[in-house]
Structures are given as structure tokens and as C-alpha cells.
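Descriptive structure summary
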Amino acid sequence: MKETFSTKKRKNKKSSILFCSYYNIHYLCKTQFSLLITNLKERKIMEKFVCDVCGYVYDPAVGDPDNGIEPGTAFADLPEDWVCPICGVGKDEFSREEE
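For every chain, the first residue of the written sequence is number 1, and numbering continues from 1 onward in sequence order. For a predicted model such as this one, the threshold for reporting local features is a pLDDT of at least 70, and the threshold for listing and counting side-chain atom pairs is 80 or more; totals across whole chains, interfaces and linings nevertheless cover every residue. Based on all heavy atoms of the structure, the side-chain values leave hydrogens and waters out of the count.

pLDDT runs from 0 to 100 and stands for how confident the predictor is about each residue. The pLDDT averaged across the protein works out to 76; a share of 54% of its residues lies at or above 70. Under the scheme used here, helices are H or I runs from DSSP no shorter than 4 residues and strands are E runs no shorter than 2 residues, and both carry numbers assigned from the N terminus. Averaged pLDDT values for the elements of the protein fall to 57 in helix α1 (residues 13-45) and rise to 97 in strand β1 (residues 49-51). Any pair of residues with heavy atoms lying within 4.5 Å of one another is described as a contacting pair. Counted against residues more than four places away or in other chains, residues 1-7, with its pLDDT under 50, gives 10 contacts.

Here the focus is the side chain of Thr-73. Locating Thr-73 in the fold gives a position in the loop between β2 (57-58) and β3 (94-96). Whenever two N or O atoms come within 3.5 Å, that pair is a polar contact, provided that in protein one can donate a hydrogen and the other can accept it, and provided that, for residues adjacent in sequence, both atoms are side-chain atoms. From its side chain, Thr-73 meets the backbone oxygen of Glu-70 in a polar contact 2.7 Å long. In this structure Thr-73 touches Tyr-58, Pro-60 and Leu-78, once residues within four positions along its chain are discounted.

Take the environment of Pro-85 next. Within the element layout of this structure, Pro-85 appears in the loop between β2 and β3. In contact with Pro-85, other than residues within four places in its own chain, are Tyr-56, Asp-64 and Asn-67.

A few words now on the sheet that holds β1. Any two strands between which DSSP finds at least two bridges are classified as paired. With antiparallel pairing, three strands are arranged side by side in an open sheet as β2-β1-β3. The open sheet is flanked by β2 and β3, the only strands paired with a single partner. The sheet contact formed by β1 and β2 spans two bridges and is antiparallel. Residue Phe-49 lies in a different strand from β2, and its bridge partner there is Tyr-58.

Encoded structure:
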């Protein structure tokens with residue numbers, strides 16, 4: 001955790017405590033917000049998509065190694081010419097998998 005001490009002299013102990021408390025809360029909120037955003041981005045990247053025609057599930061954790069798509073590739077990052085490995089339809093025929 002970050003240092004919470006100020007180099008400025010405080011008039012009294014109470015104002016120093018209030019300053020440190022505010023700083024800690026501000027730092028913790030900023031850190032939690034950053035973690036939340038990171039978590040949401042990772043969740044979005046790891047969303048699975050289902051082919052509406054044949055039911056094939058594209059899982060970003062697995063990718064599509066037979067067609068040169070590495071694990072960790074989000075559906076949105078697939079090339080525009082990528083097609084379902086089972087039935088051959090394009091990305092526009094896929095929908096987000098319901099949890």
C-alpha cells in the first residue's frame with residue numbers, strides 16, 4: 001500500500017489524521033475502481049459466442065487453433081473473414097452465449 005504520510009506540517013494531530021484518512025480512502029477507491037474496470041474488460045474478452053446455425057461455441061480461452069486463432073483471442077478481435085469451423089457461416093451468424 002502507498003505511504004500515507006504528508007511532508008507538510010499539520011497544525012494539530014486531528015487534522016493529520018483526517019488528511020491521512022481521506023488519502024487512504026481516495027487511494028483505495030481509485031484502486032478498487034481500476035480493478036473493477038480490469039475485471040469488466042477481462043469478462044468482456046472472455047465472452048463465448050454461439051453459432052446460430054449449428055450451435056458451435058467459440059470460446060476465447062480455447063480460440064480456434066485449427067484455423068490459426070490463438071487462445072485468448074476475443075470474438076471481436078477475430079478477423080472479419082473468420083468463419084464457423086463446423087458450418088462455414090460468418091461472424092454475423094453468431095450471438096453471445098447466455099450464462
